[in-house]
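Here is how the chains run, residue by residue.
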There are 2 protein chains.
Amino acid sequence: MAEWLSEDEMAAWVRLVAVVELLPGVLDGQLRRDAQVTHFDYHVLAMLSEAPDRTLRMTELATRTNATLPRLSHVVRRLEERGLVERAPCPWDGRATNARLTDAGWAKVRATAPGHVATVREHVIDALTPEQVTQLAGIADAVLRRLDPDGKMAGLPGDAPGGDRRRAG
Amino acid sequence: MAEWLSEDEMAAWVRLVAVVELLPGVLDGQLRRDAQVTHFDYHVLAMLSEAPDRTLRMTELATRTNATLPRLSHVVRRLEERGLVERAPCPWDGRATNARLTDAGWAKVRATAPGHVATVREHVIDALTPEQVTQLAGIADAVLRRLDPDGKMAGLPGDAPGGDRRRAG
DNA sequence: CCGCTTCAGTTGTACCTACAACCGATGACG
DNA sequence: CGTCATCGGTTGTAGGTACAACTGAAGCGG
């Protein structure tokens, strides 16, 4: 537990920082050019598109997009202004708000997904061997448990049953 | 190549996106609380602190911090206003600007580094096995070559012919 | 029923980043 | 030498995010 990082650790860290710095720009760039949407916008729309009735509560949506509630609130308001999402108060809990994907929003996701997936493949997945893909899942999973100990974000499979974090492929 | 992602690929991708979304916040948070500096600010100061005469040209500094020139220009101006950095036109090239870490900036880096390294260890490095650290370096390296094909950023041990072993003026 | 606390979201402000327009310096060329 | 293209960097501005303060609904104890 040195105060500094070893050579191997530093090599990994420097590269990880670079990826974290550059990847968002690449994702945002493609989506903005081709669909006039940020990566976070797309993430919101995608999560809604997978939900039953294309509807989720704001809190749940925030969880699935790794976002804070204020951030999500601003973004959903803008998406609503663009007609891609609509909001309605939850009938059973006066405090809650349900966000629902409109038909236009659904169409947007359908039209945007292929290009986005292609970008993900081109810049990440296809750069890796199948083994590395598996390793990446394990590594990111381990890091996530530190970044988000309660697992509130990212919808990780709960650490309660049978989960062994110290295994890498 | 399929139009969608396989289950394994999706598992890796979802987790990577979560890390990319959450990690900057954790790094920024610690540095802002403990040193009133963003992670990018710190990166700038750290790169200068490692350079000969604590001086680098703006373009070279942008490369080493994976940043665009406009972004760096704004940040360096603010750092200069805080007395952590100073700028001076390069005597040999009237177009170029040299950024130099002041004594105050040097002190700031020295005082800030331990806490930052501890955060990096706590949330990333120590979450991984030594094998995973090595794997991460390989994975991030492979991804970087796609994100930044020319190796302009990130100062990768590049496939660039001839190498770019330049000295700062 | 009243008051307190917590929950779910929203809003307002400050800050940071991206993009594009811009400026002076440099270097190639005739 | 002039002209032009390019380089290195700065500045203006629009847009997105973070943080904190706020509103209103639910839940709980008395």
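Structure report, in brief. (Residues numbered from 1 in each chain as written. Chains lettered and ligands numbered in written order. Predicted model: local features only at pLDDT ≥ 70, side-chain atom pairs only at ≥ 80, totals over all residues. Heavy atoms only, no water.)

### A few points about the interface of chain A and chain B
Taken together, the contact pairs 64 residues of chain A with 61 residues of chain B. For the chain A and chain B pair, buried surface summed over both sides reaches about 5800 Å², with 72% attributable to carbon and sulfur atoms. For chain A, the biggest contributors to the area lost against chain B are Trp13(A), Arg15(A) and Leu147(A); these three give 11% of the whole. For the interface between chain A and chain B, the tally reads 6 salt bridges. Counting across the interface, chain A meets chain B through 12 residue pairs in polar contact (both at pLDDT 80 or more). (Contact = heavy atoms within 4.5 Å. Buried area = accessible area lost by both parts, 1.4 Å probe. Salt bridge = Lys/Arg side-chain N within 4 Å of Asp/Glu carboxyl O. Polar contact = N/O pair within 3.5 Å; in protein donor to acceptor, adjacent residues only side chain to side chain.)

### A few points about empty space enclosed by the protein
For the coordinates displayed, the defined rule picks out 2 cavities of 30 Å³ or more. Computed from the structure, the largest cavity encloses a volume of approximately 120 Å³. Around the largest cavity, the lining residues are Leu16(A), Val19(A), Leu136(A), Ile139(A), Ala140(A), Val143(A), Leu16(B), Val19(B), Leu136(B), Ile139(B), Ala140(B) and Val143(B). Grouping the constituent residues of the lining of the largest cavity by class yields 12 nonpolar, no polar and no charged. (1 Å grid on protein atoms, 1.4 Å probe; cavity = no way out; pocket = protein on both sides within 12 Å on 5 of 7 lines; lining within 4 Å. Points joined across faces, edges and corners; volume = space filled by probe spheres on them. Nonpolar A, V, L, I, M, F, W, Y, C, P; charged D, E, K, R; others polar.)

### Quick notes on the packing of aromatic side chains
Summed over all chains, the structure comprises 0 aromatic pairs over all chains. We note Arg71(A) situated over the ring of Phe40(A); from NZ or CZ to the ring centre the distance is 4.0 Å. (Phe/Tyr/Trp six-rings, centres within 6.5 Å; stacked < 30°, edge-to-face > 60°. Lys NZ or Arg CZ within 6 Å of the ring centre and 35° of its normal.)

### Side note on the relation of the copies chain A and chain B
Under the fitted operation, chain A is carried onto chain B by 0.0 Å of movement along the axis and a turn of 180°, and the coordinates agree to an RMSD of 0.0 Å. Interpreted geometrically, this transformation is the action of a two-fold axis. Closest to the rotation axis within chain A is the C-alpha of Val20(A), separated from it by 2.7 Å. An overlap of 94% is found between the interface residues of chain A and their copies at the interface of chain B, pointing to a shared contact surface. (Least-squares fit on C-alpha atoms with pLDDT ≥ 70 in both.)

### Some details on the protein's contact with DNA strand C
In the vicinity of DNA strand C lie 19 residues, with Thr59(A), Ser73(A), Arg87(A), Arg71(B) and Gly94(B) positioned nearest. Those atoms of DNA strand C that come within 4 Å of the protein belong to sugar or phosphate at a rate of 69%. Taking Arg87(A), its side chain carries an N or O atom lying 2.9 Å from a phosphate oxygen of DNA strand C. Thr97(A) is positioned with one of its backbone polar atoms (N or O) 3.1 Å from a phosphate oxygen of DNA strand C. The element that contributes the greatest number of residues to the surface near DNA strand C is helix H4 (residues 69-81) of chain B, accounting for 5 residues. Grouping the constituent residues of the surface near DNA strand C by class yields 6 nonpolar, 6 polar and 7 charged. (Near = heavy atom within 4 Å. Helix = DSSP H or I, 4+ residues; strand = E, 2+ residues; numbered from the N terminus.)

These figures capture arrangement, not role.
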